[in-house]
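Report on the structure
Listed below, chain by chain, are the residues.
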Amino acid sequence: MERPTPINREREVPEDRFLVSKTDPRGVITYANEVFCEVAGYTEEELVGKPHNIIRHPDMPRIVFKLLWDTIKQGKEFWGYVKNMAKDGSYYWVFAHVTPSWDETGTKIIGYQSDRRRADKRAVRKAEEIYRRLLEAERVGGMQASEQLLKEMLGDMPYEEWVWTL
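My aim in this report is to walk through the structure given alongside it, one point at a time. What you see is a predicted model; the values in this text were computed from it and never measured.

Moving on, we come to the sheet that holds strand 2 (residues 29-32). The strand order 2-1-5-4-3 describes an open sheet built from 5 strands, whose pairing is antiparallel. In the strand order of this sheet, the two ends are held by strand 2 and strand 3 (78-85), each with one partner. The sheet shows a mean angle of 30° between the axes of neighbouring strands, taken without regard to direction. Bridge count for strand 1 (residues 19-23) against strand 2 is 3 bridges, and the pairing is antiparallel. The partner of Thr23 across the bridge, within strand 2, is Ile29. Sitting on the sheet, helix 4 (residues 121-154) is in contact with strand 3 and strand 4 (91-102), with an inclination near 85° to strand 4.

This is how it looks when you write it as structure tokens:
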């Protein structure tokens, strides 16, 4: 499936609904709810079996996804603002909560679940500026430069706390 070309048109995420997806441990989609399909513009059949990054918008710095994966692979939950890209190239902002799914013994991660809701507009404006700076650092100095800038922005505050300040 070809990646869409980004267009400058925002899709609205319903205020009272959640976009839900589940993946295997590698991030391949195993479930997509109706709201996710509707907002992203894909059918469930088009999403299931595809990597979750099928909806990754190029405005998102890679360091955010590295942080996400580093966090959830440790068995922790991740919260963050994410700009996604729909099938037609339009974009939509969400506040994402990603958690590991465990086997019946509670000892092995067997996948992940992401519950996303409409992002607060004020937080999006702040995130856009931060992500723009991180992306520029990434373009100039790679992921290492972006990671260094993120550490400088956070100071002593853990990311888990910082995201709530946006």
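This next bit is on the environment of Glu128. The residue Glu128 is located in helix 4 in this model. Between the alpha carbons of Glu128 and Tyr81 there is a distance of 9.3 Å; along the sequence they are 47 residues apart.

As enumerated under the stated definition, the model contains 14 salt bridges in all. Between Glu129 and Arg132 there is a salt bridge, with its nearest N and O atoms 2.6 Å apart. Residue Glu129 and its partner Arg132 are located together in helix 4, separated by 3 residues, close to a single helical turn. Residue Glu129 is classed as partly exposed on the basis of its relative accessible area of 38%. Three or more residues are tied together by salt bridges with common partners; here these are Glu10, Glu12, Arg118 and Lys121.

If you look at the biggest cluster of nonpolar residues, it comprises 46 residues, and the most contacted ones within it are Leu19, Phe36, Leu47, Tyr81, Tyr92, Trp93 and Tyr131. With 10 residues, helix 4 is the largest single contributor of residues to this core. Each residue touching Trp93, except ones within four places of it in the same chain, is listed here: Glu10, Val13, Tyr81, Val82, Lys83, Arg117, Arg118, Ala119, Val124, Ala127, Glu128 and Tyr131.

Conventions we followed
- Residues numbered from 1 in each chain as written.
- Predicted model: local features only at pLDDT ≥ 70, side-chain atom pairs only at ≥ 80, totals over all residues.
- Heavy atoms only, no water.
- Pairing = 2+ DSSP bridges.
- Helix = DSSP H or I, 4+ residues; strand = E, 2+ residues; numbered from the N terminus.
- Axes fitted to C-alpha atoms, helices over the stretch in contact; angles between N-to-C directions.
- Contact = heavy atoms within 4.5 Å.
- Salt bridge = Lys/Arg side-chain N within 4 Å of Asp/Glu carboxyl O.
- Buried < 20%, exposed > 50% of the residue type's maximum accessible area, 1.4 Å probe, protein only.
- Core = buried A, V, L, I, M, F, W, Y, C linked by side-chain atoms within 4.5 Å.

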